[in-house]
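Residue-level structural notes
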Amino acid sequence: MRTDSTASQPAPGIRRLAVAALVSVLVSVQVAGCASRGAGTDAEQKTMAAANAKSLGQVAELRAIGGSAVTGKVKVVDRGDGATLTVAAFNIPTGPYRVTINRNGNCTSPNGFSAGPAWSPPESKRAPADLVGELHSGEAGNTNATVHVPGLRATGPDGVAGRSVIVYAGRKVTAAVPDVPNELIACGVFEPAQTLQF
């Protein structure tokens, strides 16, 4: 007995349309799944942003104080047992200069008094005035110095986040007194670094 197999199967054109529709549905499902995975929840996005901010470190935009013309940036990024501190500045008097991290994130006073006293984290085992050490600017009054500071961090209790940085002309770190001239020549407040900053 002979059966007609062509009667129970769809025509070739219908089969191609069915396969195309199935492929289209599968691709749509896969794309939707990828989109939802990429977006993440608000909590996941905040966690990723915090991790990204930590890896980029903190940066302070220097503004001139005490009648100087200093401009530049100081960046702190976590590295190993401490942090790398980078100073990139212009118009610093030629020769030695000092840098301190200061307790207050405030650079509003004209002589640096608002930044508060110099600060160092307990883990650094260094006095606040000696946390970074002496640095040197070139003949043109420009500097690009990088130092490793043990015990210092970009964020957290041993971090610079929310604090300020002061640049001093010369070898001495002196206390700022309201309305009294001193060696403080630049101040900046640390904020989370962005990807395009040095």
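This text gives an overview of the structure that appears in the document. Remember, predicted model here, so these are calculated numbers, not experimental data.

**What to know about the environment of Ala115**
Structurally, Ala115 can be placed in the loop between β4 (95–102) and β5 (118–119). When its relative accessible area of 0% is taken as the criterion, Ala115 is described as buried. Residues Ala115 and Ile101 lie 14 residues apart in sequence; the distance between their C-alpha atoms is 9.0 Å.

**Regarding the pattern of salt bridges**
Two side chains with opposite charge may pair up if their charged atoms get near one another. For the structure on display, the rule yields two salt bridges. With its nearest N and O atoms 3.0 Å apart, the salt bridge here joins Asp130 to Arg98. In this pair, Asp130 is assigned in the loop between β5 and β6 (134–137) and Arg98 in strand β4, connecting sequence segments 32 residues apart. A residue is classified by how much of its surface remains accessible, and Arg98, at 9% relative accessible area, is buried. Of the charged contacts in the structure, one is a salt bridge between Glu134 and Arg171, with a shortest N-O distance of 3.2 Å. Linking Glu134 in strand β6 with Arg171 in the loop between β8 (164–169) and β9 (184–192), this pair joins segments that are 37 residues apart in sequence. Judged by its relative accessible area of 53%, Arg171 falls in the exposed class.

**Details of the side chain of Gln58**
By secondary structure assignment, the location of Gln58 is in strand β1 (residues 58–64). Among the polar contacts listed, one links the side chain of Gln58 to the backbone nitrogen of Glu191, at a separation of 3.4 Å. Once you skip the residues sitting within four places of it in the chain, Gln58 turns out to touch Val74, Lys75, Val76, Ala154, Thr155, Val160, Ala161, Phe190, Glu191, Pro192 and Ala193.

**Here we look at the pairing of strand β2 (residues 71–79)**
Consecutive side chains along a regular strand alternate between the two faces of the sheet. Strand direction decides the pairing type here: β1 and β2, joined by five bridges, are antiparallel. Within β2, the position partnered with Gln58 by the bridge is Val76. Taking the residues that link successive antiparallel strands as the turn, the β1-β2 hairpin has six residues, and the phi of Gly66 there is positive, at about 65 degrees. Where β2 and strand β3 (residues 82–90) come together, nine bridges link them in antiparallel fashion. Within β3, the position partnered with Val76 by the bridge is Leu85. Counting the residues in the hairpin turn of β2 and β3 gives two residues, including Gly80, whose phi is positive at 60 degrees.

Calculation notes
Along each chain, numbering runs from 1 in the same order as the chain's sequence is written. The predicted nature of this model means local features are confined to residues of pLDDT at least 70 and side-chain atom pairs, given and counted, to a pLDDT of 80 or more, with totals for whole chains, interfaces and linings taken over all residues. In computing side-chain values, all of the structure's heavy atoms are included and hydrogens and water are not. Here a helix means four or more residues in a row that DSSP labels H or I, a strand means two or more in a row labelled E, and each is numbered from the N terminus. Exposure classes here rest on a 1.4 Å probe applied to the protein chains alone. A residue is buried below 20% of its type maximum, exposed above 50%, and partly exposed in between. Should a side-chain nitrogen of Lys or Arg be within 4 Å of a carboxyl oxygen of Asp or Glu, the pair is scored as a salt bridge. Any N or O atom pair separated by 3.5 Å or less is treated as a polar contact, with the protein-specific requirement of one donor-capable and one acceptor-capable atom, and with residues adjacent in sequence counted only for side-chain atom pairs. Here, residues are in contact when the closest pair of their heavy atoms is within 4.5 Å. A pair of strands is treated as paired once DSSP finds two or more bridges between them.

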